[in-house]
Structure formats: C-alpha cells, structure tokens
Amino acid sequence: MTSIQLYDLTGAEDERRFSPFCWRSKLALAHKGLAFDTIIWHFTDQEALSFSGQSRVPVMVHDGETVFDSWTIACFLEDRYGDRAPLFGSAQARATTRFINQWTDKVLHGALAPLVLIDIYAHVHAQDREYFRNSREKVFGKPLAEVSADRDSRVQRFRQTLEPLRATLQVQPYLAGDAPAYADYIVFGAFLWARSVSPFKLLADDDAVANWRERMLDTGGGIARQARGYPF
C-alpha cells in the first residue's frame, strides 16, 4: 500500500492550513484519488525539513522518496500515476500550465499578498510571529499594518489583475476547459490562501471568477470546502 505524507504549513490553529503551494499539492493528490496524511509544519520548524535539503513546504514523502516544490510534486504525480485522472493531459498542456504557474507566483500572489498580509499575521503560530513580521516587512519595506492599510482601494486594482481569468471563465467553466485540472488548482490555491486567514471581500458576487471559485470548493471531494477558513 502506498504511503504518502505531505508537510503542510499551519497557523496558530492546527486545522488552519494557509499555504497556497501546499493547497496546490493537496488538490493534485485528491485529483489523482490518492490518500495522504499531512504533517503539521510551522515557518520556524526548519529542523523538521532538514532531511529534504531545503526549507520550504510542500514536501512530500512518497513511499520513502522525498519530493519538494509544488510544481515538481505535480509533475511527479502525473508521471507516476499516468493511469489516473490527468493533471495536465498532454506535454503541450503541461507547458502551458507552467506559464500559469509562473503568472500566479509572480503576478497574482504579488497583487493578493498586500490585501491579506495583516490577516495572515493574526493567524500565524506564536513561534512564527517574529519571523513572519520581520521577513515580510523587509520585503515590503514598511510595517505590516501599513501594507494592508489601503486595501479597500487596492482591491479594485486586484480585480483588474484578474481580467484574463475573468474573460476565460466567461466562456468555459474551468481554466483547463470542461473540468478542473492543475491549472485551476494553481490559481485556486491563491484564493484558498486568502480564505484560510482573511474575511476581506476580494471579489464581487457576480464576478465570473467568484462563481468559478465557488465551484472549485467542491473539487477533490470537497477538501477545500471542509477546510478551516472564512466564507467567500
């Protein structure tokens, strides 16, 4: 029987899992119909990941084999379990999904982070608070409260950033087409990041992206809908 463990970032409450990258991997595992156990991890638990040779989650241990980085994990699962529901569908689709992965990391996360940063800080574990504050204030060059202070006005710019997603989802139900695939999980991970920690309203109710986001909660057997977080 296959044994799969996934190191998963958690906040002050063990059930509040907020890493967008871990969410990508959890949704990919669920898509493949693979059972897995999560191992609670905090930002400052560096020793717990020393066996993997790096310091970030997700880290997956698959029958004793260590795989890290959400993109690498997705490719590993697709190659190892090619007889199960595809995450990409073809080499061409995998290449296109790589672009979505990069766009999400570099554009979507950058637009979203200032809107929820102060809420993340409110939910991180006590042992991580100093690390989180210092590292994020170094990145943004200002106190956390100032980063999120103007979010009521910045949310409009965030919504404009989503226009390529919106235009796509107005003509098809999922980014991958008629059914969700890894392209959807990448982008949805960002929204689960926000949902896990923040009550701030990111989208208008009639937004095509909001409708897609609601549908995505039920993918993978509903693991996202069942997770601890705030209502969309």
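Report follows, based on the coordinates. Quantities reported herein were computed from a predicted structural model and do not represent experimental measurements. (Residues numbered from 1 in each chain as written. Predicted model: local features only at pLDDT ≥ 70, side-chain atom pairs only at ≥ 80, totals over all residues. Heavy atoms only, no water.)

**Some points on the overall build of the protein chain**
Across its full length, the protein chain holds ten helices and four strands. Listing every helix and strand of the protein chain by position from the N terminus yields β-α-β-β-β-α-α-α-α-α-α-α-α-α. The globule rule puts the C-alpha radius of gyration for 232 residues at 17 Å, and the 17 Å found for the protein chain is close to it. Its C-alpha atoms put the protein chain at 50 × 45 × 30 Å along the principal axes. A burial count over the protein chain gives 50% of its 232 residues as buried. Contacts spanning at least 24 positions in sequence make up 68% of the contacts within the protein chain whose residues lie at least 6 apart. Total accessible area computed for the protein chain in this model is approximately 10700 Å², and 51% of it derives from carbon and sulfur atoms. Each charge sign in the protein chain was given a centre, from 27 positive and 29 negative side chains, and these centres are 4 Å apart. (Helix = DSSP H or I, 4+ residues; strand = E, 2+ residues; numbered from the N terminus. Rg over C-alpha atoms; globule rule 2.2 N^0.38 Å. Buried < 20%, exposed > 50% of the residue type's maximum accessible area, 1.4 Å probe, protein only. Contact = heavy atoms within 4.5 Å. Areas by Shrake-Rupley, 256 points an atom, 1.4 Å probe, with all protein chains shown as cover. Lys, Arg positive; Asp, Glu negative; His and termini not counted. Charge placed at Lys NZ, Arg CZ, Asp CG, Glu CD.)

**Focus: the packing of helix 3 (residues 91–123) against helix 4 (residues 129–140)**
Between helix 3 and helix 4, the least distance of the axes is 10 Å, while the angle of their chain directions is 160°. With respect to their mutual orientation, helix 3 and helix 4 come out roughly antiparallel. Crossing hand, helix 3 versus helix 4: left-handed. Mapping the contact onto sequence places Ala-113, Pro-114, Leu-117, Ile-120, Tyr-121 and Ala-122 in helix 3 and Arg-129, Phe-132, Arg-133, Arg-136 and Phe-140 in helix 4. Residue classes in the contact of helix 3 with helix 4 are distributed as eight nonpolar, no polar and three charged. (Axes fitted to C-alpha atoms, helices over the stretch in contact; angles between N-to-C directions. Parallel < 35°, antiparallel > 145°, perpendicular 65-115°, else oblique. Left-handed = near helix turned anticlockwise from the far one by under 90°. Nonpolar A, V, L, I, M, F, W, Y, C, P; charged D, E, K, R; others polar.)

**Re the side chain of Ser-25**
Secondary-structure assignment places Ser-25 in helix 1 (residues 20–31). In this structure, Ser-25 is in contact with Leu-6, Pro-58, Ser-70 and Ile-73, ignoring residues within four places of it in sequence.

**Side note on the packing of aromatic side chains**
By the definition in use, this model includes twelve aromatic pairs. Between Tyr-121 and Phe-132, the aromatic rings sit 6.4 Å apart at their centres with planes inclined by 25°, giving stacked as the arrangement. One end of the pair, Tyr-121, is in helix 3; the other, Phe-132, is in helix 4, and eleven residues separate them in sequence. You can call Tyr-121 buried: its relative accessible area is 13%. Between the aromatic rings of Phe-158 and Phe-191, the centroid separation amounts to 6.4 Å while the plane-to-plane angle is 70°, which identifies the pairing as edge-to-face. In this pair, Phe-158 is assigned in helix 6 (residues 151–161) and Phe-191 in helix 8 (residues 182–197), connecting sequence segments 33 residues apart. As far as burial versus exposure is concerned, Phe-158 and Phe-191 are alike and both buried. (Phe/Tyr/Trp six-rings, centres within 6.5 Å; stacked < 30°, edge-to-face > 60°.)

**Regarding the sheet that holds strand 2 (residues 37–41)**
As summarised here, the arrangement of the four strands in space is 2-1-3-4, forming an open sheet in which the pairing is mixed. Only two strands of the sheet have a single neighbouring strand rather than two, namely strand 2 and strand 4 (65–68). Strand-to-strand twist of the sheet, defined as the mean angle between neighbouring strand axes without regard to direction, takes the value 25°. As paired strands, strand 1 (residues 4–9) and strand 2 are joined by five bridges and run parallel to one another. Bridge assignment links Leu-6 to a residue of strand 2, and that residue is Thr-38. In this fold helix 2 (residues 70–80) packs onto strand 1, strand 3 (59–62) and strand 4, with an angle of close to 130° to the strand it touches most, strand 4. (Pairing = 2+ DSSP bridges.)

**Comments concerning the side chain of Thr-97**
Position of Thr-97 relative to the elements: it lies in helix 3. Every residue in contact with Thr-97, bar those within four places of it in the chain, is listed here: Trp-71, Phe-88, Tyr-182, Ala-183 and Ile-186.

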